[in-house]
Amino acid sequence: QGAYGEEIPITWTVLQRDKDFILVIAKQGLDSMPYHESVPSITWADCSLRHWLNNEFLNKAFNDQERERILLSSLTNNAGPDTEDRVFLLSAEDAEDGSLFAGDTERQAKPTKYASNKKAYTDEENGCCSWWLRSRGCYGHHAASVSTGGDVNIDGDEVSMGSLAVRPALRISLKNI
């Protein structure tokens, strides 16, 4: 997360607390990358960002004990098959859920220095970045996103854009803590 990729602990925001788990999202946009490397019609199930989150990111960001506490989450997707993931992006419905975010301001996020160096689009006035959601946008080659102002863009952005930030989400088991 550091400006040049040095490892800095991730700060998480708790979105939901249950007796068995908590749902968290990265407080900042951790990286800036495309949802998918090319522009075909794509869904969350097959996109390159999902693969990266559940492989490279999961294995680098968490040690063995931490990975054991990350739950496999069953996700409903607005296009394509439902998935099971340990690390995921919120859906547009999640982002609009008033029990997770009270409004646009709570959805706003600033990029890490690393994401900024990778050209995450950032609003000059508020310093916030746009970030990906896992829901399909209005076209098969678009994915929904959250704008720098915190509003949910259900029309989405072209999946090959590398200027949107990534805010991973996950569920952490509270059992045996």
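Residues numbered from 1 in each chain as written. Predicted model: local features only at pLDDT ≥ 70, side-chain atom pairs only at ≥ 80, totals over all residues. Heavy atoms only, no water.

K.L.:
How should the overall build of the chain be read in this particular structure?
P.N.:
Helix and strand content of the chain: five helices and ten strands. In summary, the chain has a C-alpha radius of gyration of 15 Å against a globular reference of 16 Å for 177 residues, a match within 12%. Its C-alpha atoms give the chain principal-axis dimensions of roughly 40 × 35 × 30 Å. Looking at the chain as a whole, 46% of its 177 residues qualify as buried. The long-range fraction of contacts in the chain, counting pairs at least 24 apart against all pairs at least 6 apart in sequence, stands at 64%. (Helix = DSSP H or I, 4+ residues; strand = E, 2+ residues; numbered from the N terminus. Rg over C-alpha atoms; globule rule 2.2 N^0.38 Å. Buried < 20%, exposed > 50% of the residue type's maximum accessible area, 1.4 Å probe, protein only. Contact = heavy atoms within 4.5 Å.)

K.L.:
Any chance you could explain the side chain of arginine 167 here in plain terms?
P.N.:
Structurally, the position occupied by arginine 167 is in the loop between β9 (165-166) and β10 (169-173). Buried charged residue arginine 167 carries no salt bridge. Nearest counter-charge: glutamate 106, at 9.2 Å. Polar side-chain contacts of arginine 167 include one of 2.8 Å to the backbone oxygen of alanine 26. A polar contact of 3.2 Å, which involves the side chain of arginine 167, links it to the backbone oxygen of arginine 107. The contacts of arginine 167, once residues within four sequence positions are left out, are Ile25, Ala26, Lys27, Gln28, Gly29, Phe88, Leu89, Arg107, Gln108, Ala109 and Trp131. (Lys, Arg positive; Asp, Glu negative; His and termini not counted. Salt bridge = Lys/Arg side-chain N within 4 Å of Asp/Glu carboxyl O. Polar contact = N/O pair within 3.5 Å; in protein donor to acceptor, adjacent residues only side chain to side chain.)

K.L.:
Honestly, the pattern of salt bridges in this entry has me stumped. Any pointers?
P.N.:
Note on pairing: side chains with opposite charge can pair once their charged atoms come close. Under the definition given, this model contains five salt bridges. Where arginine 134 meets aspartate 94, a salt bridge forms, and the shortest distance between an N and an O atom there is 3.6 Å. Residue arginine 134 is located in strand β6 (residues 131-136), and its partner aspartate 94 is located in helix α3 (residues 92-96); the two are separated by 40 residues in the primary sequence. Classification of arginine 134 by relative accessible area gives buried; the value is 5%. You can call aspartate 94 partly exposed: its relative accessible area is 22%. Arginine 107 is the partner of aspartate 104 in a salt bridge, and the nearest nitrogen-oxygen pair spans 2.4 Å.

K.L.:
Which parts of the structure should I look at to understand unusual backbone geometry?
P.N.:
Trans peptide bonds make up the majority, and among non-glycine residues the majority have a negative phi. You will see that lysine 119, though not glycine, has its phi angle at about 75 degrees, which is positive. With respect to the helices and strands, the residue lysine 119 is situated in the loop between α5 (113-117) and β6. Owing to a relative accessible area of 64%, lysine 119 belongs among the exposed residues under this scheme.

K.L.:
Even after reading the chapter, I still don't get the environment of valine 14, so can you show me in this structure?
P.N.:
Examined against the element boundaries, valine 14 turns out to sit in strand β1 (residues 12-17). Taking the C-alpha atoms as reference points, valine 14 and tyrosine 114, separated by 100 residues in sequence, lie 23 Å from one another.

K.L.:
Where do I start with the packing of aromatic side chains in this structure?
P.N.:
What characterises a pair of aromatic rings is the spacing of the ring centres plus the angle enclosed by the ring planes. Scanning all chains against the criterion turns up five aromatic pairs. Centroid distance tryptophan 12 to phenylalanine 62: 6.1 Å. Interplanar angle 25 degrees. Geometry classified as stacked. Within this pair, whereas tryptophan 12 is found in strand β1, its partner phenylalanine 62 is found in the loop between α1 (48-61) and α2 (64-69), the two being separated by 50 residues in sequence. Its relative accessible area of 11% is what places phenylalanine 62 among the buried residues. With centroids separated by 5.5 Å and ring planes inclined at 50 degrees, the aromatic side chains of tyrosine 35 and tryptophan 132 adopt a geometry described as tilted. Here tyrosine 35 is found in the loop between β3 (31-32) and α1, whereas its partner tryptophan 132 is found in strand β6, with 97 residues between them in sequence. For tyrosine 35, a relative accessible area of 2% gives the class buried. A relative accessible area of 0% means that tryptophan 132 is categorised as buried. Among the aromatic residues, those joined into a ring-pair cluster are Trp12, Trp52, Phe57 and Phe62. Over the aromatic face of tryptophan 131 sits the side chain of arginine 167, whose NZ or CZ is 4.5 Å from the ring centroid. (Phe/Tyr/Trp six-rings, centres within 6.5 Å; stacked < 30°, edge-to-face > 60°. Lys NZ or Arg CZ within 6 Å of the ring centre and 35° of its normal.)

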